[in-house]
Amino acid sequence: MSLQKLLSCHLIFTLASFLLTESANVYYRYRMSRCIYSPSNISDMVYFDNYYFNKYLFVQFDSTLGRFVGFNEYGMKLAEFWNNGTFLHEERAIVDWFCKNNAQVFDFHICDKSVKPKVKLSSVKQAGGRNPAVLMCSAYEFYPPHIKVSWLRDGKLMTSEVTSTMEMADGDWYYQIHSELEYTPKSGEKISCMVEHASFNKPMIYDWDPSLPVSERNKIAVGASGLVLEIIIAAVGFIYYKKKSTDAVNADKKRHQSLSLLGRCKTVSITT
């Protein structure tokens with residue numbers, strides 16, 4: 001079982017004890033126990049019980065070996081003593097009664113509460129690489145942090161010219177990750193970003209559209225909206241202008257008619 005698989009979901013509990021000597025010197029002796037497993041197969045559970053002095057590991061119980069192992073003279077003597085006593089049987093039993101029982105509780109309340117990542121593909125400027133094109137696949141706001149981002153070229157996995165960051169905490173229980181691909185574009189090919197995460201039932205594939213970057217499409221959309229708005233405003237202004245012109249012509253006609261009638265009335269009165 002690979003370490004990456006084992007680390008997909010883990011339960012850690014720590015028991016620590018401190019031994020203090022003189023005020024100027026402080027020594028730490030502590031014990032760290034880990035239950036490490038894959039959520040898809042609890043039978044692969046591995047249990048480690050580590051004993052440290054300061055930062056030095058001097059003895060460890062490994063459930064895959066079923067016994068204690070020492071890493072210095074004192075640790076080897078202690079491992080031999082524990083391996084020949086009842087403590088060994090107690091350690092072997094922890095995998096079943098503690099690790100596996102608690103794993104189901106943790107999986108239900110924590111590991112299964114996943115949040116799907118928001119994935120974005122973009123073209124980025126190159127700072128002087130060997131290839132003319134650089135694509136970035138970014139995944140945002142996902143949980144839990146364990147995620148895998150890969151690149152596909154016409155459905156085949158790409159392993160070279162790929163640079164990825166580690167999962168980075170956003171500070172709000174969510175994470176983000178970024179992966180860059182340097183490549184030389186070819187006509188008719190399909191470049192895709194594949195994301196594998198606990199929130200997905202299967203790997204999700206996002207295809208890159210080389211026709212136009214998203215930012216440029218957004219600029220065109222905004223420009224087109226502005227153009228339509230200008231046409232509407234111009235049309236409204238033209239209609240308003242025509243209406244005002246028509247009203248002015250009608251007003252002139254009425255004024256001329258009134259003056260004409262007034263002139264006739266004056267002529268009739270003089271003749272009389």
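As shown above, the structure is provided for reference.
Described in the following lines is the structure provided in the data block.

Conventions used here
- Residues numbered from 1 in each chain as written.
- Predicted model: local features only at pLDDT ≥ 70, side-chain atom pairs only at ≥ 80, totals over all residues.
- Heavy atoms only, no water.
- Helix = DSSP H or I, 4+ residues; strand = E, 2+ residues; numbered from the N terminus.
- Contact = heavy atoms within 4.5 Å.
- Pairing = 2+ DSSP bridges.
- Axes fitted to C-alpha atoms, helices over the stretch in contact; angles between N-to-C directions.
- Salt bridge = Lys/Arg side-chain N within 4 Å of Asp/Glu carboxyl O.
- Disulfide = S-S within 2.5 Å.
- Buried < 20%, exposed > 50% of the residue type's maximum accessible area, 1.4 Å probe, protein only.
- Polar contact = N/O pair within 3.5 Å; in protein donor to acceptor, adjacent residues only side chain to side chain.

**Overview of the environment of F68**
Structurally, the position occupied by F68 is in strand β5 (residues 67–70). For the pair formed by F68 and N83, sequence separation is 15 residues and the distance between their alpha carbons is 6.2 Å. Not counting chain neighbours up to four residues away, the residues in contact with F68 comprise Y51, V59, Q60, F61, A79, W82, N83, F87, L88 and E91.

**Some thoughts on the sheet that holds strand β13 (residues 191–197)**
Strand order in this open sheet of 4 strands is β9-β8-β13-β14, and the pairing throughout is antiparallel. Of all the strands in the sheet, just β9 (156–158) and β14 (204–207) have a single pairing partner and so form its edges. Taking each pair of neighbouring strands and ignoring which way they run, the sheet shows an average axis angle of 40 degrees. Looking at chain direction, strand β8 (residues 147–153) and β9 are connected through 3 bridges and run antiparallel. Across the sheet, residue W151 finds its bridge partner in β9, namely M158.

**Digging into the pairing of β14**
As paired strands, β13 and β14 are joined by 4 bridges and run antiparallel to one another. Paired with V195 across the bridge in β14 is M204. Linkage of β13 to β14, two consecutive antiparallel strands, is achieved through a turn of 6 residues.

**Concerning the pattern of salt bridges**
All chains considered together, the criterion is met by 6 salt bridges. One salt bridge in this structure joins R31 and E91, with 3.6 Å as the shortest N-O distance. In this pair, R31 sits in strand β2 (residues 26–38) while E91 sits in helix α3 (residues 87–111), placing the two residues 60 residues apart along the sequence. Salt bridges sharing partners connect three or more residues here, namely R31, D49 and E91.

**Describing the state of the cysteines**
All told, the structure shown has 2 disulfides when counted by the stated rule. Linked covalently through their sulfurs, C35 and C99 form a disulfide whose S-S length is 2.0 Å. Looking along the S-S bond of the C35-C99 disulfide, the torsion reads about -60 degrees, which is the left-handed sense. Of this pair, C35 sits in strand β2 while C99 sits in helix α3, placing them 64 residues apart in sequence. For the pair formed by C35 and C99, the shared burial category is buried. The disulfide partner of C137 is C193, and the S-S distance across this bridge is 2.0 Å. Residues C137 and C193 share a disulfide whose torsion about the S-S bond is about -80 degrees; that sign makes it left-handed. Taken together, the residues span a long stretch of sequence, with C137 in strand β7 (residues 133–142) and C193 in strand β13 at a distance of 56 residues.

**Overview of the side chain of S138**
Tracing the backbone through its elements, the reader meets S138 in strand β7. Given the relative accessible area of 2%, S138 is considered buried. There is a polar contact of 2.8 Å between the side chain of S138 and the side chain of H178. Filtering out sequence-adjacent residues up to four positions away, S138 remains in contact with K118, V119, K120, I177 and H178.

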